[in-house]
Amino acid sequence: MILLTGGTGYIGSHTAVEFINEGYDVVLADDLSNSERRVVDRIGQITGKVPAFEELDVCDKAALDRLFRKYHIDAVVHFAGYKAVGESVAEPVKYYRNNLDSTLALLEVMKVHNCRKFIFSSSATVYGENQDVPFTEDSPAGSCTNPYGRTKFFIEQILSDCAKADPELSVVLLRYFNPIGAHESGLIGEKPNGVPNNLMPYITQTAAGIRHHLSVFGNDYDTPDGTGVRDYIHVVDLAQGHLAAYRYLCGAGKGGCHTFNLGTGKGSSVLEIIHAFEEAAGIAIPYEITERRPGDIAECYADVSKAEKILGWKAVHSLKEMCASSWNWQQKSAE
Ligand code: UD1
């Protein structure tokens, strides 16, 4: 059985669907602090199999220990964590405490129960500023612009140290670029708390009339149209990347700590995303150009050749599909 911490969240729920569709048994653990219990049934509706679910805080070692006694856990995919960049700047201790403690608790309990496969939800945010694109897995990491990003970087370091110390432990670090989109059913997707910080939820809420207009944060970057360039990846492609990582870890005698970028390898600007969305949804998005957002970089996109070569994985969904599925989810999530 595979444990997905944060399994009812945006990426966790889509990954659960892909694992179940491939015939794997999964148990989702989540404290529901930023997701809803009904996601479990939605996953069941999509796959025809309702996954096991345990409501718990992953920092709670005793609760984790009970979970590992109840199920035979072969591998952990660790999604659980706080992820709001602005909040992490205002409340760094909350972020370090939660994101680091949960990982340490998992590592301790996994060791006791001899569970030796760990897949971690990392982020392209670890590459930070002042670097040439595309980012390869060997690009320098650690110059993050906020505490949230640093928790991802620190956890990568911790996992790498643990894999060095224990040859039985196999770790995969997955550095996500910008996940958008939703499952084609429209039953699961990203549900931001309050005003969205990320671009796509802000666009879909503007299209739905919840937000008046979109602010484009700067058009004076050194990019083709002056707006920020990112590597947007369909969340279903991203979810399948976890499946490929799991299969890789199951290969004989892996051990070690292996890092992979999960992106498309293609950068799109904010204006390109707005126009792609307008075309996919048939709705005009009112926007205005404003100041740059502090901490933003001009360009961030992946070199994806390592994942393609070693994991045999590649993103296949188009930008149009990403926009259309985001809009489908926005409309259905209001129901
Ligand atoms: C952000 C986080 C990153 C995190 C990721 C998770 C920052 C600095 N980085 O990435 O650490 O891993 O989310 O999804 O917050 N934009 C607008 N108007 C908006 C919102 C965004 O113009 O209302 C622009 C941004 O300036 C950027 C692009 O859209 O150029 C993407 O922004 P966003 O979706 O917030 O993602 P990142 O900043 O790349």
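Coordinates for the structure precede this section.
Below is a short write-up of the structure. (Residues numbered from 1 in each chain as written. Predicted model: local features only at pLDDT ≥ 70, side-chain atom pairs only at ≥ 80, totals over all residues. Heavy atoms only, no water.)

1. So, the pattern of salt bridges
Then comes step 1: Tallied over the entire structure, the rule returns 16 salt bridges.
Then comes step 2: Put simply, Lys 61 and Glu 108 hold a salt bridge, and the shortest N to O gap is 2.9 Å. On the criterion of sequence distance, the pair formed by Lys 61 in helix H3 (residues 61-70) and Glu 108 in helix H5 (residues 92-112) is long-range, its members being 47 residues apart.
Then comes step 3: Among the charged side chains, a network of salt bridges with common partners joins Glu 36, Arg 38 and Lys 191. (Salt bridge = Lys/Arg side-chain N within 4 Å of Asp/Glu carboxyl O. Helix = DSSP H or I, 4+ residues; strand = E, 2+ residues; numbered from the N terminus.)

2. Some thoughts on the site of the ligand
Then comes step 1: As a structural note, the neighbourhood of the ligand is formed by 18 residues, with Leu 199, Ser 215, Arg 230, Arg 293 and Asp 296 the closest of them.
Then comes step 2: In the model, an oxygen atom of the ligand is placed 3.1 Å from a nitrogen or oxygen of the Thr 125 side chain.
Then comes step 3: Arg 293 places a side-chain nitrogen or oxygen 2.8 Å from an oxygen atom of the ligand.
Then comes step 4: The protein chains hide 87% of the 730 Å² of surface that the ligand would expose on its own.
Then comes step 5: The greatest single-element share of the shell around the ligand, amounting to four residues, is contributed by strand E8 (residues 214-217). (Near = heavy atom within 4 Å. Polar contact = N/O pair within 3.5 Å; in protein donor to acceptor, adjacent residues only side chain to side chain. Areas by Shrake-Rupley, 256 points an atom, 1.4 Å probe, with all protein chains shown as cover.)

3. Brief notes about the packing of aromatic side chains
Then comes step 1: Within this structure, the stated rule accounts for ten aromatic pairs.
Then comes step 2: Geometrically, the ring pair formed by Tyr 24 and Tyr 246 is edge-to-face, given 5.3 Å between the ring centres and 85 degrees between the ring planes. Of this pair, Tyr 24 sits in the loop between helix H1 (10-21) and strand E2 (26-30) while Tyr 246 is found in helix H8 (residues 235-250), placing the two residues 222 residues apart along the sequence.
Then comes step 3: Since its relative accessible area comes to 24%, Tyr 24 is described here as partly exposed.
Then comes step 4: Measuring from centroid to centroid gives 5.4 Å for Tyr 82 and Tyr 95, while their planes differ by 55 degrees, and the two rings are tilted. Taken together, the residues span a long stretch of sequence, with Tyr 82 in the loop between strand E4 (75-78) and helix H4 (85-90) and Tyr 95 in helix H5 at a distance of 13 residues.
Then comes step 5: Judged by its relative accessible area of 25%, Tyr 82 falls in the partly exposed class.
Then comes step 6: Look at Tyr 95 and you get buried, because its relative accessible area is 1%.
Then comes step 7: What links up through ring pairs into an aromatic cluster is the set Phe 19, Tyr 24 and Tyr 246. (Phe/Tyr/Trp six-rings, centres within 6.5 Å; stacked < 30°, edge-to-face > 60°. Buried < 20%, exposed > 50% of the residue type's maximum accessible area, 1.4 Å probe, protein only.)

4. Quick word on the sheet that holds strand E14 (residues 299-300)
Then comes step 1: Ordered by their spatial adjacency, three strands build an open sheet running E12-E9-E14, and the pairing between neighbours is mixed. At either margin of the open sheet sits one strand with a lone partner, and together these are strand E12 (268-269) and E14.
Then comes step 2: One ladder, built from two bridges, connects strand E9 (residues 229-230) with E14; its direction is parallel. What sits directly across from Val 229, in E14, is Glu 299. (Pairing = 2+ DSSP bridges.)

5. Focus on H1
Helical geometry note: an α-helix holds 3.6 residues per turn, so side chains three or four residues apart project in the same direction.
Then comes step 1: Counted at 1.5 Å a residue, the expected span for H1 with its twelve residues is 16 Å, and the 17 Å between its end C-alpha atoms agrees.
Then comes step 2: Summarising burial for H1: eleven of the twelve residues are buried, a large majority.
Then comes step 3: Looking only at H1, the buried set comprises Tyr 10, Ile 11, Gly 12, Ser 13, His 14, Thr 15, Ala 16, Val 17, Glu 18, Phe 19 and Ile 20.
Then comes step 4: Taken together, the buried residues of H1 touch strand E1 (2-5), E2, helix H2 (38-47), strand E6 (170-176), strand E7 (178-180) and H8.
Then comes step 5: Gly 23 sits one or two residues past H1 and shows a positive phi near 90 degrees. (Expected span 1.5 Å × (residues − 1). Contact = heavy atoms within 4.5 Å.)

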